[in-house]
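Residue-level listing of the chains:
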Amino acid sequence: MENENMNMLPASVPTPEDTAAQENPPALIKKIGGMTYIVRVHFSTTSKETFSDKVKRLLRNEVRQLMEQDATGE
């Protein structure tokens, strides 16, 4: 993934009152072959979990699944 072209459009953290920013959220643009993919980013304003906590939780779940697969011989 190091050599792949990935562009990040200017990112700002919009407030809920900022409707212009809500209409144009930050996006990742990735071109694979002849197809261009645009992935928009959304952040919850009511979330109780920080971004860091979420990433740690996702990694723990991934490791747990991999360990269970190894234990069952899959």
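In this convention, every chain numbers its residues from 1, walking through the sequence in written order. Residues qualify for local features only when their pLDDT is at least 70, as the model is predicted, and side-chain atom pairs are given and counted only at 80 or more; totals for whole chains, interfaces and linings, by contrast, use all residues. Computation of side-chain values: all heavy atoms of the structure, hydrogens and water removed.

(A) Expanded view of the overall build of the protein chain. In terms of regular secondary structure, the protein chain is built from two helices and three strands. Starting at the N terminus, helices and strands are each numbered in turn, a helix being any DSSP run of H or I of at least four residues and a strand any DSSP run of E of at least two. In sequence order, the secondary structure elements of the protein chain are arranged as β-α-β-β-α. A separation threshold of at least 6 residues defines the contact pool for the protein chain, and within that pool the share at least 24 residues apart is 14%. Residue burial considers only the protein chains on display, and all accessible areas are found by Shrake-Rupley using a 1.4 Å probe. Of the roughly 6900 Å² of accessible surface on the protein chain, 56% is carried by carbon and sulfur atoms. By definition, residues are in contact when any of their heavy atoms lie within 4.5 Å.

(B) Inspection of the pattern of salt bridges at higher detail. Salt bridge, as applied in this entry: a Lys or Arg side-chain nitrogen positioned within 4 Å of an Asp or Glu carboxyl oxygen. In the structure shown here, the tally under the stated rule is two salt bridges. A salt bridge links Lys54 to Glu49; the shortest N-O distance between them is 3.9 Å. One salt bridge in this structure joins Glu49 and Arg57, with 2.9 Å as the shortest N-O distance. Salt bridges sharing common partners tie together Glu49, Lys54 and Arg57.

(C) Main features of helix 2 (residues 51–72). Between its first and last C-alpha, helix 2 extends 32 Å over 22 residues, near the 32 Å set by a 1.5 Å rise per residue. Directly after helix 2, the chain includes Gly73, whose backbone phi takes a positive value near 80°. Expected span, for any helix, means 1.5 Å times one less than how many residues it has.

(D) Structural detail: the environment of Glu49. Among the structural elements, Glu49 can be located in the loop between strand 3 (35–40) and helix 2. In contact with Glu49, other than residues within four places in its own chain, are Lys54 and Arg57. Under this definition, polar contacts are N or O atom pairs within 3.5 Å; protein pairs additionally need one hydrogen-donor-capable and one acceptor-capable atom, and for neighbouring residues in sequence, both atoms have to be side-chain atoms. Of note is the side chain of Glu49, whose polar atom sits 2.9 Å from the side chain of Arg57.

(E) Representation of the confidence of the model for the protein chain within the structure. Per-residue pLDDT for the protein chain has a mean of 78; in total, 68% of the residues score no lower than 70. When mean pLDDT is compared element by element in the protein chain, helix 2 scores highest at 93, while strand 1 (residues 6–8) scores lowest at 54. The predictor attaches a confidence to each residue, called pLDDT, with possible values from 0 through 100.

(F) Region of interest: a nonpolar patch on the surface. Taken together, the side chains of Ile32, Met35 and Tyr37 make up a nonpolar region of the molecular surface, amounting to roughly 310 Å² of accessible area. Along the polypeptide, Tyr37 turns up in strand 3. In this structure Tyr37 comes out as partly exposed when scored by relative accessible area, which is 42%. Exposure above 30% relative accessible area and no salt bridge define the residues that can form patches, which grow by joining like charges within 9 Å and nonpolar side chains of Val, Leu, Ile, Met, Phe, Trp and Tyr within 5 Å. Exposure is judged per residue with a 1.4 Å probe applied to protein chains only, and the accessible area is read against the type maximum: over 50% gives exposed, under 20% gives buried, and values in between give partly exposed.

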